[in-house]
Amino acid sequence: RVREVGVPLSWEGTFGVPEGAGADGCCPPGKATLYGSVTRRGLSSDGVPDIVASEGFLVGEVTKKSILISCPHENVSTKFLAPYTSFCRIHQKSITCLDISSGGGLGVSTSTDGTMKIWQAANGEIRRLLEGHVYDVNCCRFFPSGLVVLSGGMDAQLKIWSAEDASCVVTFKGHKGGILDTAIVDRGRNVLSCSRDGTARLWDCGQSSCLGTVADCGSPVNGIAAGPADSSLNLGSPETPPSEREVGTEGKILLLAREDKKLQGVGLQSRQPVFLFIGSDAFNCCTFLSSTYILAGTQDGNIYQLDVRNTNAPIQVIHRSGAPVLSLLPYRDGFIASQGN
């Protein structure tokens, strides 16, 4: 961990490098991690920290905002960046989920302290406290308008909130277990949820009703993502004509990150299976890079990149540490991953 200048001169931190890692920091599963430490001894006259590393590690370029650490034995280097800004007063405990509105003005987050809050993204000022779930709130996200929030909790309820006055405008009930993730279809007339009960469901926001079970997996579904399918994919046909309340589901595929080590693709409108990929451990999260390429992360630290047109073998498997991959987000030409270390 690297903090901004202004911390005590005795600051120290620890970090780890996978043994046997390549130049990109990736390593085969099961390899041990080499741990080292860095200590800040003081400041130069221009405010740059004086940093030393433990045996086996070298300190490269140091600025007020970054420290470059290398491990010559493993041919690995990493730049640790200080936070651009820190909001320390929004929650008292670990943050479990967060989202930023489409305009960038508001943030929403949930925490193990049992709260869900809306705050100013510019300064962390708390604007609204969203109260109504029983037990923990697992997931939260803004609708495309940035004025409405969707949340799911361990109480098996899915709720829609006004970001303007914190009122709960809709509550969906139907799941038999805690809700673990959500997705919004297009502009948000329909939303999706997945649960510990093994199902993924499609909901109609206007009539507060369930439009159907998209998938019943028989195993907890930890994460979902909905996106346009490659035109060459056969998504199947619905067994019965879809409801007129179902909007924007045609031509889309739903990804299901399952606890039973399976990543599944289902036609969102047809409810028909498209592919089933078996990974090394429970899948925690999934996302689209494009209509062709997808990502999914597992409990044992693997990130799989797959081509939905042929999921027999992954394009690549990225493994930087054995820590669980908890979330994935497309970013520019690549992606951002968070892990439980």
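Since we're looking at a predicted model, the values are computed, not measured.

**Considering the sheet that holds strand E10 (residues 126-129)**
- Spatially, four strands are ordered E7-E8-E9-E10 in an open sheet, and the strand pairing comes out antiparallel. On the outer flanks of this sheet lie strand E7 (95-100) and E10, each paired with one strand and no other. Taken over all neighbouring pairs, the strand axes of this sheet differ in orientation by 20° on average, direction set aside.

**Brief notes about the confidence of the model for the protein chain**
- Looking at the protein chain, the pLDDT average stands at 90 and 91% of residues meet or exceed 70.
- Residue range residues 1-11 is modelled with pLDDT below 50. Its contacts to residues more than four positions away, or to other chains, number 32 contacts.

**Brief notes about the sheet that holds strand E20 (residues 252-258)**
- Ordered by their spatial adjacency, four strands build an open sheet running E19-E20-E21-E22, and the pairing between neighbours is antiparallel. Each having just a single partner strand, strand E19 (221-228) and strand E22 (273-278) make up the two edges of the open sheet. Each neighbouring strand pair of the sheet contributes to a mean axis angle of 15°, computed without reference to strand direction.
- Note: E19 against E20, seven bridges, orientation antiparallel.

**Concerning a nonpolar patch on the surface**
- Together, Ile95, Leu98 and Ile100 make up an exposed nonpolar region whose accessible area comes to about 260 Å².
- Assignment of secondary structure puts Ile95 in strand E7.
- A relative accessible area of 48% places Ile95 in the partly exposed class.

**Re the nonpolar core**
- Membership of the largest hydrophobic core comes to 25 residues, with the highest contact counts inside it found for Val108, Leu130, Phe172 and Val191.
- Of all the secondary-structure elements, those providing two or more residues to this core are strand E8 (106-111), strand E9 (116-120), strand E11 (137-142), strand E12 (148-153), strand E13 (157-162), strand E14 (168-173) and strand E15 (179-185).
- In terms of residue count, the dominant contributor to this core is E11 (four residues).
- Here this core spans two domains, and each of domain 2 (92-173) and domain 3 (181-340) adds at least three residues to it.
- Excluding residues that lie within four positions of it along the chain, Phe172 makes contacts with Ala156, Gln157, Leu158, Ile160, Val191, Trp203, Asp204, Cys205, Ser208 and Ser209.

Rules used throughout
Residues numbered from 1 in each chain as written. Predicted model: local features only at pLDDT ≥ 70, side-chain atom pairs only at ≥ 80, totals over all residues. Heavy atoms only, no water. Pairing = 2+ DSSP bridges. Helix = DSSP H or I, 4+ residues; strand = E, 2+ residues; numbered from the N terminus. Axes fitted to C-alpha atoms, helices over the stretch in contact; angles between N-to-C directions. pLDDT = per-residue confidence, 0-100. Contact = heavy atoms within 4.5 Å. Patch = residues over 30% accessible without salt bridge, like charges linked within 9 Å, V, L, I, M, F, W, Y side chains within 5 Å. Areas by Shrake-Rupley, 256 points an atom, 1.4 Å probe, with all protein chains shown as cover. Salt bridge = Lys/Arg side-chain N within 4 Å of Asp/Glu carboxyl O. Buried < 20%, exposed > 50% of the residue type's maximum accessible area, 1.4 Å probe, protein only. Core = buried A, V, L, I, M, F, W, Y, C linked by side-chain atoms within 4.5 Å. Domains from an automatic or database assignment.

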